[in-house]
Every structure is written in structure tokens, then in C-alpha cells.
Amino acid sequence: MTDDIAAGSSLSDTPSPADGYVGDPALRAEWDERYAERQQLWSGRPNGALVAEVAGLTPGRVLDVGCGEGADAVWLARGGWDVTALEVSGVALERAAGHARDAGLTVRWVHAALTEAALPPASFDLVSAQYPALLRTPDAAAERALLAAVAPGGVLLLVHHAGMDTQQAHDSGFDPADYVWPTMVTALLDDDWEVEVDEQRPRQAPDGGAGAHHTDDLVLRVRRLR
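Reading the values: rules and limits
- Residues numbered from 1 in each chain as written.
- Predicted model: local features only at pLDDT ≥ 70, side-chain atom pairs only at ≥ 80, totals over all residues.
- Heavy atoms only, no water.
- Helix = DSSP H or I, 4+ residues; strand = E, 2+ residues; numbered from the N terminus.
- Buried < 20%, exposed > 50% of the residue type's maximum accessible area, 1.4 Å probe, protein only.
- Contact = heavy atoms within 4.5 Å.
- Areas by Shrake-Rupley, 256 points an atom, 1.4 Å probe, with all protein chains shown as cover.
- Polar contact = N/O pair within 3.5 Å; in protein donor to acceptor, adjacent residues only side chain to side chain.
- Pairing = 2+ DSSP bridges.
- Right-handed = clockwise from strand over helix to strand, strands pointing away.
- Lys, Arg positive; Asp, Glu negative; His and termini not counted.
- Salt bridge = Lys/Arg side-chain N within 4 Å of Asp/Glu carboxyl O.
- Core = buried A, V, L, I, M, F, W, Y, C linked by side-chain atoms within 4.5 Å.

Novice: Give me the overall build of the protein: which residues, what numbers.
Specialist: The secondary structure content of the protein amounts to six helices and eight strands. Ordering the α and β elements of the protein from the N terminus gives β-α-α-β-α-β-α-β-β-α-β-α-β-β. A burial count over the protein gives 53% of its 226 residues as buried. Within the protein, contacts between residues at least 6 apart in sequence are counted, and of these 77% link residues at least 24 apart. Total accessible area computed for the protein in this model is approximately 9,900 Å², and 47% of it derives from carbon and sulfur atoms.

Dropping the structure here:
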């Protein structure tokens, strides 16, 4: 459905899919099954919007929400970022950790749902959520969790596929109304936030991998002022 998924919980340098997961077991099972169907689900390359938007930022602490098989996390770590990567799928985390080990890089892996992750508040210089499948709730829990993780002076970068939020419910069970879209995050912003980018643009899509057919991105980049 998207290029990455929701995630989060206890921090470690290596994932422990067999235990320590915090979140809905059915959600974890769903994504584990999806990843297990292929040896590689995504392209293995960092998302183009992330590469473009991070170019002018000074490396610091970054939270990669829905890290999947770890392409973004590895790229960020290689660029000098102190990376914490969240994911609900233990299968995906095992692959991501393997890629980081092969590259000789250290990443903190978090295995749980974003809204239930024990993350330090207001402590990340960058929160990156690339095409996340974050479930919508009446209390806007996922949107608030994204914003709460950003440190003063830090940036939230949320990227999604353009047009998906206006689609009708699919026979496959996907209903856009069930998920969080960038407009729902902007609706929560107050004077503590500055919108730096809020636009639709052609997608810099890596070759291969699920989701490669999407042609345009919605890019939201907001900075926490205090």
C-alpha cells in the first residue's frame, strides 16, 4: 500500500522480533506476512523526498518512522545521523538490521506501534515518516506522536503518495479514511510550528520495489520553533 509503515518501542541496537514488541499483534502479523512473501519488498534505496529534504540539514538525532527493510535508516546513518528506526514487522527489522551490520553502521531498532512506543519526547532533530500506514484514531494519536517526538528547532518530514487520500475504499479492504494523511498533521499545528514545505511534487522513485507505480508525492516539512 505504501512505501513504509507505522512502528515503535524499546530501544536496542539489534531487533528482537520474538519478544519485546508493543502493539497490536494482528497488525504485526499482517505486516510480517507481507514481508515474508518476498525476499525483498522495497527497492533497497533511500526515498527520494527524504534525500532532497535532508540535504540542507545538519546531522543530529533522527527518528525513522516505519523503517521497513532499513534503506532510509542505513542511508541516514551513513550520512552521520544518530538513527532510531521504528517498525512493527519483525521480519522487516531482521532485514534492516542485517543491512546495517553489513554496512558497519549502528542503528537503534524499535519494535512496536508508534503510538505505544516508549520514545523520549521532544528529542529528535528530524522525524522522518516516509509513506507511513498510520491508522487514524478519534484522538489523533499518531499525528500527535509524530509531533511530540520533534525537538525544539527540529523538523518533521512527512511524505505520502498524492491522491491516495481521496480514493474510494478498495475491495482489498484499504479505505483511505482509516489512515493519517499530511492534512491531518497540519490541522494540529499551532504557533509553535512553522510550515517550511507543503506541496505536491513529482516523485523521485527508486527503481523496483512495491509502490514504484506512484508518480507524485505530498511533501510536508514543518519545523518546531519552541
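Novice: How would you explain the side chain of Asp-72 if you had to name every residue and give the values?
Specialist: If you trace the backbone, Asp-72 turns up in helix α3 (residues 71-78). You can call Asp-72 buried: its relative accessible area is 3%. One polar contact links the side chain of Asp-72 to the main-chain amide nitrogen of Asn-47, over a distance of 2.9 Å.

Novice: Could you give an account of unusual backbone geometry, with specific residues and numbers?
Specialist: One non-glycine residue with positive phi stands out, namely Ala-122, at about 50°. With respect to the helices and strands, the residue Ala-122 is situated in the loop between β4 (108-111) and β5 (124-130). Look at Tyr-131: it is not a glycine, yet its phi comes out positive at around 55°. The topology assignment puts Tyr-131 in the loop between β5 and α5 (141-148).

Novice: Break down the pairing of strand β6 (residues 150-161) for me, with residues and values.
Specialist: Here β6 lies mainly inside the structure; 10 of its 12 residues are buried. As judged from the six bridges shared by β5 and β6, these two strands associate in the parallel manner. Looking at β6, one finds that Ser-128 is bridged to Leu-157. One crossover worth recording links β5 to the parallel β6 by way of α5, and it is right-handed. Pairing of β6 with strand β8 (residues 216-224), which is carried by seven bridges, proceeds in the antiparallel orientation. Following the sheet pairing, Val-155 is matched in β8 by Arg-223.

Novice: So what's going on with the environment of Val-150? Residues and values would help.
Specialist: Summarising the element assignment, Val-150 is placed in strand β6. On a C-alpha basis, the gap between Val-150 and Pro-121 in space is 7.3 Å, while along the polypeptide they are 29 residues apart. If we skip the residues at most four places from it in the chain, Val-150 touches Ala-122, Ser-123, Phe-124, Val-127, Val-155, Leu-156, Trp-193 and Arg-224.

Novice: I'd like a rundown of the side chain of Glu-143, residues and numbers included.
Specialist: Mapped onto the elements, Glu-143 comes out in helix α5. One buried charged side chain, Glu-143, makes no salt bridge at all; its nearest oppositely charged neighbour is Arg-136, positioned 5.3 Å away. Other than its neighbours up to four places away in sequence, Glu-143 contacts Val-180, Met-184, Val-185 and Leu-188.

Novice: Give me the nonpolar core: which residues, what numbers.
Specialist: Residues Trp-81, Val-83, Val-107, Trp-109 and Leu-126 are the most contacted members of the largest nonpolar core, which totals 26 residues. When contributions to this core are tallied by element, the ones reaching two or more residues are α2 (48-54), α3, β3 (82-87), α4 (90-102) and β6. In this view, Val-83 contacts Val-62, Ala-73, Leu-76, Ala-77, Val-107 and Arg-108; residues no more than four positions away in its chain are not counted. Counting 24 residues, the second largest nonpolar core, distinct from the first, contains Phe-124, Leu-134, Leu-156 and Trp-193.

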